[in-house]
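If you want the building blocks of each chain, they are given just below.
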Amino acid sequence: MASPSTSLPTPRVGIIMGSDSDLPIMQSAADILQQFGISYELTVVSAHRTPKRMVDYATGARARGIQVIIAGAGGAAHLPGMVASLTPLPVIGVPIKSSNSIDGWDSVLSILQMPNGIPVATVALNAAKNAGILAASIIGAFDPETGDKVAAYKKSLEDEVLVKVSKLKAGGQPNGFDQ
């Protein structure tokens, strides 16, 4: 009899948005997940125009192997919170400054101000890349390979800054810049 596999399932993230007009923002979540080697699905799910699709998506995500959902929405931005209310999976909300938005504040507050019991992790306005990094970090907490990739990515950010510091030092910056 073969022993059962102890490997983790392929990490998967669901990226959903309220409208295809959100794709230019949400694409950066897909791009960073691809950089980390994390598979994802990307689709439009509108809380207001396709509520049955939203319910089906949220309630079936775990069974499809989704581990984290990133939900982007503009305006009233109900999608992340409604999805979070329907699934046990972690949901990361991306507030999007849309054409009908009040400088994006309506989206930020709609996602950020969830009632106790239905948490939604919230990133900055239009910060889908950060949502992708957070999703990778969540998966990486349980998948060492993904965790190592996230750690290497963060180290690369540090290295980039230190290279810039060295260039500034070498250029003899005025005003005593030497840190």
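Because the structure is a prediction, the values reported are computed rather than measured.

Bringing the pattern of salt bridges into the picture now. Following the criterion strictly, the structure yields 6 salt bridges and no others. Two residues, Glu41 and Arg64, come together in a salt bridge whose shortest N-O distance is 2.8 Å. Of this pair, Glu41 sits in strand S2 (residues 39–44) while Arg64 sits in the loop between helix H2 (51–60) and strand S3 (68–74), placing them 23 residues apart in sequence. Between Lys155 and Asp159 there is a salt bridge whose closest N-O contact spans 2.7 Å. One end of the pair, Lys155, and the other, Asp159, are both in helix H6 (residues 144–170), 4 residues apart, so they sit about a helical turn from each other. Assessed through its relative accessible area of 42%, Lys155 is described here as partly exposed. The class of Asp159 is partly exposed, set by a relative accessible area of 34%. The network of salt bridges with shared partners includes Arg12, Glu41 and Arg64.

Our next topic: helix H1 (residues 23–36). Taking 1.5 Å per residue, 14 residues should reach 20 Å; H1 reaches 20 Å between its end C-alpha atoms and fits that length. Here the buried face of H1 lies against strand S1 (12–17), S2, S3, strand S4 (91–96), helix H5 (128–140) and H6. Once H1 finishes, Gly37 follows within two positions and takes phi at roughly 75 degrees, a positive value.

With respect to topology, 5 strands assemble into an open sheet ordered S2-S1-S3-S4-S5, the strand pairing being parallel. Where the open sheet ends on each side, the last strands, each with one partner, are S2 and strand S5 (121–122). One ladder, built from 5 bridges, connects S1 with S3; its direction is parallel. Across the sheet, residue Val13 finds its bridge partner in S3, namely Val68. Sheet strands in contact with helix H3 (residues 79–86) are S1, S3 and S4, and its direction is about 150 degrees off that of S3.

Conventions and cut-offs
- Residues numbered from 1 in each chain as written.
- Predicted model: local features only at pLDDT ≥ 70, side-chain atom pairs only at ≥ 80, totals over all residues.
- Heavy atoms only, no water.
- Salt bridge = Lys/Arg side-chain N within 4 Å of Asp/Glu carboxyl O.
- Helix = DSSP H or I, 4+ residues; strand = E, 2+ residues; numbered from the N terminus.
- Buried < 20%, exposed > 50% of the residue type's maximum accessible area, 1.4 Å probe, protein only.
- Expected span 1.5 Å × (residues − 1).
- Contact = heavy atoms within 4.5 Å.
- Pairing = 2+ DSSP bridges.
- Axes fitted to C-alpha atoms, helices over the stretch in contact; angles between N-to-C directions.

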